[in-house]
Amino acid sequence: MKRLTNGGTKIGFALWKRNAKRILIVILAIVMVFCLVGCQQVQDESNECDFSMFVYIEKSPRWMIVYHKETKVMYAVSNGENYGNFVLLVDADGSPLLWEGKD
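Residues numbered from 1 in each chain as written. Predicted model: local features only at pLDDT ≥ 70, side-chain atom pairs only at ≥ 80, totals over all residues. Heavy atoms only, no water.

Participant: What am I meant to see in the overall build of the protein chain here?
Facilitator: Helix and strand counts for the protein chain come out as one helix and four strands. Shown N-terminal to C-terminal, the secondary structure of the protein chain runs as helices and strands in the order α-β-β-β-β. A total of 103 residues make up the protein chain; the buried ones form 17% of that total. A fraction of 17% describes how many contacts in the protein chain between residues 6 or more apart in sequence connect residues 24 or more apart. For the protein chain, the computed accessible surface area is about 8,700 Å², with 62% contributed by carbon and sulfur atoms. (Helix = DSSP H or I, 4+ residues; strand = E, 2+ residues; numbered from the N terminus. Buried < 20%, exposed > 50% of the residue type's maximum accessible area, 1.4 Å probe, protein only. Contact = heavy atoms within 4.5 Å. Areas by Shrake-Rupley, 256 points an atom, 1.4 Å probe, with all protein chains shown as cover.)

As structure tokens, then:
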């Protein structure tokens, strides 16, 4: 049986270093996916207030997307410095964007 010499240790370190790079790349890729996916929260109407005329669909630190309960017209609402500004969302034709999710 042969014993590993100093040269064998260098080969082992090189293999470990190569595998460590691969593991690091996989971990970074997973973190990036979670960061990109975690930007949205879609809510259903079970979280709505009974007295509000709007239901929020998506929320971020700077804005949220809501729709009017009766007309289903969608709006973007600012949460940042200009808190509370409503902007009508429109489709490619310029018509108001309507919520087509579950009621």
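Having seen the model, we can carry on.
Participant: What is the right way to read the confidence of the model for the protein chain from this model?
Facilitator: Predicted coordinates in regions of low pLDDT should not be interpreted in detail. Overall, the predicted model of the protein chain reaches an average pLDDT of 77, with 71% of residues at or above 70. Per-element confidence in the protein chain is highest for strand β3 (residues 74-78), whose mean pLDDT is 93, and lowest for helix α1 (residues 6-37), whose mean pLDDT is 73. pLDDT under 50 marks residues 43-47. Its contacts with residues more than four places away, or in other chains, come to eight contacts. (pLDDT = per-residue confidence, 0-100.)

Participant: Quick question: what am I supposed to make of unusual backbone geometry here?
Facilitator: Negative phi values dominate among residues other than glycine, just as trans dominates among peptide bonds. Positive phi outside glycine occurs at K72, with the angle close to 65°. With respect to the element layout, K72 can be found in the loop between β2 (63-68) and β3.

Participant: Please clarify how the environment of E81 should be interpreted in this entry.
Facilitator: The residue E81 is located in the loop between β3 and β4 (86-88) in this model. A relative accessible area of 76% means that E81 is categorised as exposed. Put simply, E81 and R62 are 19 residues apart on the chain and 8.3 Å apart in space, counted from C-alpha to C-alpha.

Participant: What is the right way to read the pairing of β2 from this model?
Facilitator: Every other side chain in a regular strand lies on the same face of the sheet, so the side chains alternate between the two faces. Counting buried positions along β2 yields five of six residues, so the element is predominantly enclosed. Pairing analysis gives five bridges linking strand β1 (residues 54-59) to β2, with the strands arranged antiparallel. Bridge assignment links K59 to a residue of β2, and that residue is M64. The loop that links β1 with its antiparallel partner β2 comprises three residues. Of the strand pairs in this sheet, β2 and β3 are connected by five bridges, and their pairing is antiparallel. The residue bridging I65 from the neighbouring strand is A76, located in β3. (Pairing = 2+ DSSP bridges.)

Participant: Any chance you could explain the side chain of S78 here in plain terms?
Facilitator: When you line up the elements, S78 lands in strand β3. On the basis of relative accessible area, S78 is assigned to the buried category, the value being 18%. Those residues in contact with S78 that sit more than four places away from it in its chain are R62, W63, Y83, G84 and N85.

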